[in-house]
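Observations on the model geometry
Letter by letter, the chains look like this.
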Amino acid sequence: MFTIHLHQTTTLTPEQYLAGLTDFGPGRAKLFGNSADNYLKVHHRGPADADVTEGSGGIWERLHYDWSDPNRVVLTTTDSNLWGGASGHTYTFTRQPNGTTDIDVVVVRDGKNLKGWVLGFVLGTIGRRVLEKAFENSVKAIEARNSTAREARAS
């Protein structure tokens, strides 16, 4: 099992990042590069949770999203072709006095087969930068989306 800690500071509010994180519509790959539209399937969506299958490049996982705590979102892997056990993601939001938000993410990868174990090891060591870049890109994409929406409302 491999655990990776990621951090970003953003101008987004926790609610704005959450809106992007839980946008399961077409074009999700523009926000999250590892979530291709052809893998995306929403099995259930409630007011504070969702059951979604997503992935890309031959890797998929079914995740239970829980955003009942406004400062934390927990994604628990319930099925996958690679990940099992304690796999998932936890996003924690901390509002800063200057109006920014710190987003901390803990990614746990528990391979359920040899391919999952090897990929988890690679991600937990030399591949960590790939996850950092993907997280950084998601924050930037959601910031850009919110900036565009704000400009459209101002016009």
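Scroll up a little and you will see the structure.
These notes cover the structure that comes with them.

The rules we used
Residues numbered from 1 in each chain as written. Predicted model: local features only at pLDDT ≥ 70, side-chain atom pairs only at ≥ 80, totals over all residues. Heavy atoms only, no water. Buried < 20%, exposed > 50% of the residue type's maximum accessible area, 1.4 Å probe, protein only. Helix = DSSP H or I, 4+ residues; strand = E, 2+ residues; numbered from the N terminus. Arc of directions from axis to C-beta. Pairing = 2+ DSSP bridges. Axes fitted to C-alpha atoms, helices over the stretch in contact; angles between N-to-C directions. Contact = heavy atoms within 4.5 Å. 1 Å grid on protein atoms, 1.4 Å probe; cavity = no way out; pocket = protein on both sides within 12 Å on 5 of 7 lines; lining within 4 Å. Points joined across faces, edges and corners; volume = space filled by probe spheres on them. Nonpolar A, V, L, I, M, F, W, Y, C, P; charged D, E, K, R; others polar. Phe/Tyr/Trp six-rings, centres within 6.5 Å; stacked < 30°, edge-to-face > 60°. Salt bridge = Lys/Arg side-chain N within 4 Å of Asp/Glu carboxyl O.

Along helix α1 (residues 14-21), the residues that are buried comprise Pro14, Tyr17, Leu18, Gly20 and Leu21. The arc that holds every buried residue of α1, seen down its axis, measures 160°, which confines them to one face.

Reading across from one edge, β1-β7-β6-β5-β4-β3-β2 is the order of the seven strands in this open sheet, with antiparallel pairing throughout. Only two strands of the sheet have a single partner each, and these edge strands are β1 (2-10) and β2 (41-45). Ignoring strand direction, the axes of neighbouring strands in this sheet form an average angle of 20°. Bridge analysis of strand β3 (residues 49-56) against strand β4 (residues 59-69) gives eight bridges, and the strand direction is antiparallel. Looking at the pairing, Ala50 lines up with Tyr65 of β4.

Within the secondary structure, Gln8 is located in strand β1. We classify Gln8 as buried; its relative accessible area is 18%. In this view, Gln8 contacts Thr101, Asp102, Ile103, Phe135, Glu136 and Val139; residues no more than four positions away in its chain are not counted.

This brings us to the layout of surface pockets. Approximately 660 Å³ is the volume found for the largest pocket. Around the largest pocket, the lining comprises 31 residues; the ones closest to its centre are Asn34, Glu61, His89, Arg109 and Leu131. Where the lining of the largest pocket is concerned, the elements lending two or more residues are α1, β3, β4, β6 (88-95), β7 (101-109), α3 (114-124) and α4 (128-154). The residue inventory of the lining of the largest pocket, partitioned by class, reads 19 nonpolar, eight polar and four charged.

Taken as a whole and judged by the stated rule, the model has seven aromatic pairs. Between the aromatic rings of Phe2 and Phe121, the centroid separation amounts to 5.7 Å while the plane-to-plane angle is 70°, which identifies the pairing as edge-to-face. Within this pair, whereas Phe2 is found in strand β1, its partner Phe121 is found in helix α3, the two being separated by 119 residues in sequence. Here the aromatic rings of Tyr91 and Phe135 are separated by 6.4 Å at their centres, their planes lie at 65°, and the arrangement is edge-to-face. One end of the pair, Tyr91, is in strand β6; the other, Phe135, is in helix α4, with 44 residues separating them in the sequence. When sorted by exposure, Tyr91 lands in the same class as Phe135, which is buried.

Turning to α3, a few remarks are in order. For α3, the set of buried residues is Gly116, Gly120 and Leu123. Taken around the axis of α3, the buried residues stretch over an arc of 65°, which confines them to a single face. Along α3, exposed side chains directed more than 90 degrees from the buried face belong to Leu114 and Lys115.

Here the focus is the pattern of salt bridges. Side-chain pairs of opposite charge can arise where the charged atoms are in close proximity. This structure, assessed with the given rule, holds eleven salt bridges. Of the charged contacts in the structure, one is a salt bridge between Glu15 and Arg95, with a shortest N-O distance of 2.3 Å. One end of the pair, Glu15, is in helix α1; the other, Arg95, is in strand β6, and 80 residues separate them in sequence. Under the relative-accessibility criterion, Arg95 is labelled partly exposed at 47%. A single salt-bridge network, built from bridges that share partners, covers Arg128, Arg129, Glu132, Lys133, Glu136 and Lys140.

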